[in-house]
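Each chain is listed here by its residues.
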Amino acid sequence: MGWLDVILGRSKPVKPNLDALFALPSAAVTLQAATGLAPTGVGSVSYRAAEGGAFATLEGDVKALLGDRVEETRDDYGYSWLVVRRAPEAVGDLVTELHAVNSSLEDAGFGPSLLCSLVSFADPRGRRLAVVYLYKRGTFYPFAPLRGQTRDNALELEARAALSGELKIEEDLSRWFPVWGAPGL
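On a predicted model such as this, the values are computed, not experimentally measured, just so you know.

Chemist: How should the pairing of strand S1 (residues 38-47) be read in this particular structure?
Modeler: The side chains of a regular strand alternate between both faces of the sheet. Most of S1 is tucked away, with 8 of its 10 residues classed as buried. Where S1 lies against strand S4 (residues 114-122), 7 bridges are found, and the strand directions are antiparallel. From the neighbouring strand, serine 46 faces S4, where its bridge partner is cysteine 116. Relative to strand S3 (residues 80-85), S1 runs antiparallel, the two being bridged by 6 bridges.

Next comes the structure, spelled out in structure tokens:
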């Protein structure tokens, strides 16, 4: 960052660290021990689809790589999601495949189109939670939806406390964006 950036109050954006996703399997064990929430085996990557043949080819390549474990969907807000399904106990494999999707998009020059990745958790009482990775911030946060468009803030804070030693948690709570309608959640 140059001196002019400092004077004008500009800051450099955080470079995403996709390898941070590999901390999720051990964080899942910690989260389950602390809250009773277990992995569901579903994870997803959200992105803004780009026009053109190169992007369509890349999407096709990712789908071919992951086979029937991946499906593409769009949410009510117009974002595309690649949803990956694995056995609930295969969190490591799920994270590896989410990393592959993110890396493929980034390596092909579509990194700015990536929004977030998430891994879903649930418990026998019906509580649901996603651990969300914000691509542009390089941080994680918990998102716990309830009926309608309300959130279980207490569960989110409980999950934050459990995960804070395992993952780089987003400190700015205003950046804990709700991902209403996220597939698999």
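Chemist: Would you explain the packing of helix H2 (residues 24-35) against helix H4 (residues 91-110) in this entry?
Modeler: In the contact formed by H2 and H4, the axes pass within 9 Å of each other and the chain directions differ by 135°. Between H2 and H4, the angle is such that the two are oblique. Viewed along their axes, H2 and H4 form a crossing whose handedness is right-handed. Facing H2, whose interface residues are Leu24, Pro25 and Ala28, H4 presents Val91, Gly92 and Val95. By residue class, the composition of the contact of H2 with H4 is 5 nonpolar, 1 polar and no charged.

Chemist: What is the right way to read the side chain of glutamate 170 from this model?
Modeler: Secondary-structure assignment places glutamate 170 in the segment after helix H5 (153-163). Judged by its relative accessible area of 3%, glutamate 170 falls in the buried class. A distance of 2.8 Å separates the side chain of glutamate 170 from the side chain of arginine 137, its partner in a polar contact. From its side chain, glutamate 170 meets the backbone nitrogen of aspartate 172 in a polar contact 3.2 Å long. Beyond its immediate stretch of four places on either side in the chain, glutamate 170 contacts Leu134, Arg137, Thr139, Phe140, Tyr141, Arg175 and Trp176.

Chemist: Please clarify how the nonpolar core should be interpreted in this entry.
Modeler: Soluble globular proteins: nonpolar side chains tend toward being buried together. Core analysis: the largest hydrophobic core is formed by 54 residues, its most contacted members being Leu129, Val131 and Phe140. For this core, the leading source of residues is H4, giving 7 residues. For valine 131, the contacting residues outside a window of four places in its chain are Leu24, Leu31, Ser117, Leu118, Val119, Phe121, Phe140, Tyr141, Leu163 and Leu167.

Chemist: Which parts of the structure should I look at to understand the pattern of salt bridges?
Modeler: Note that side chains of opposite charge can pair when their charged atoms are close. Using the criterion set out here, one finds 11 salt bridges in the structure. Among the salt bridges present, the one from arginine 69 reaches glutamate 97, with a minimum N-O distance of 2.7 Å. Remark: glutamate 97 occurs in helix H4 and arginine 69 occurs in the loop between helix H3 (53-66) and strand S2 (70-74); sequence separation between them is 28 residues. With a relative accessible area of 28%, arginine 69 lands in the partly exposed category. With its nearest N and O atoms 4.0 Å apart, the salt bridge here joins arginine 127 to glutamate 158. Taken as a pair, arginine 127 in the loop between S4 and strand S5 (128-134) and glutamate 158 in helix H5 lie far apart in primary sequence, 31 residues in all. The exposure class assigned to glutamate 158 is partly exposed, which follows from its relative accessible area of 34%. One network of salt bridges, with partners in common, ties together Arg69, Arg86, Asp93 and Glu97.

Parameters at a glance
Residues numbered from 1 in each chain as written. Predicted model: local features only at pLDDT ≥ 70, side-chain atom pairs only at ≥ 80, totals over all residues. Heavy atoms only, no water. Buried < 20%, exposed > 50% of the residue type's maximum accessible area, 1.4 Å probe, protein only. Helix = DSSP H or I, 4+ residues; strand = E, 2+ residues; numbered from the N terminus. Pairing = 2+ DSSP bridges. Axes fitted to C-alpha atoms, helices over the stretch in contact; angles between N-to-C directions. Parallel < 35°, antiparallel > 145°, perpendicular 65-115°, else oblique. Left-handed = near helix turned anticlockwise from the far one by under 90°. Contact = heavy atoms within 4.5 Å. Nonpolar A, V, L, I, M, F, W, Y, C, P; charged D, E, K, R; others polar. Polar contact = N/O pair within 3.5 Å; in protein donor to acceptor, adjacent residues only side chain to side chain. Core = buried A, V, L, I, M, F, W, Y, C linked by side-chain atoms within 4.5 Å. Salt bridge = Lys/Arg side-chain N within 4 Å of Asp/Glu carboxyl O.

Honestly, that's just the spatial picture; any functional story needs more than this.
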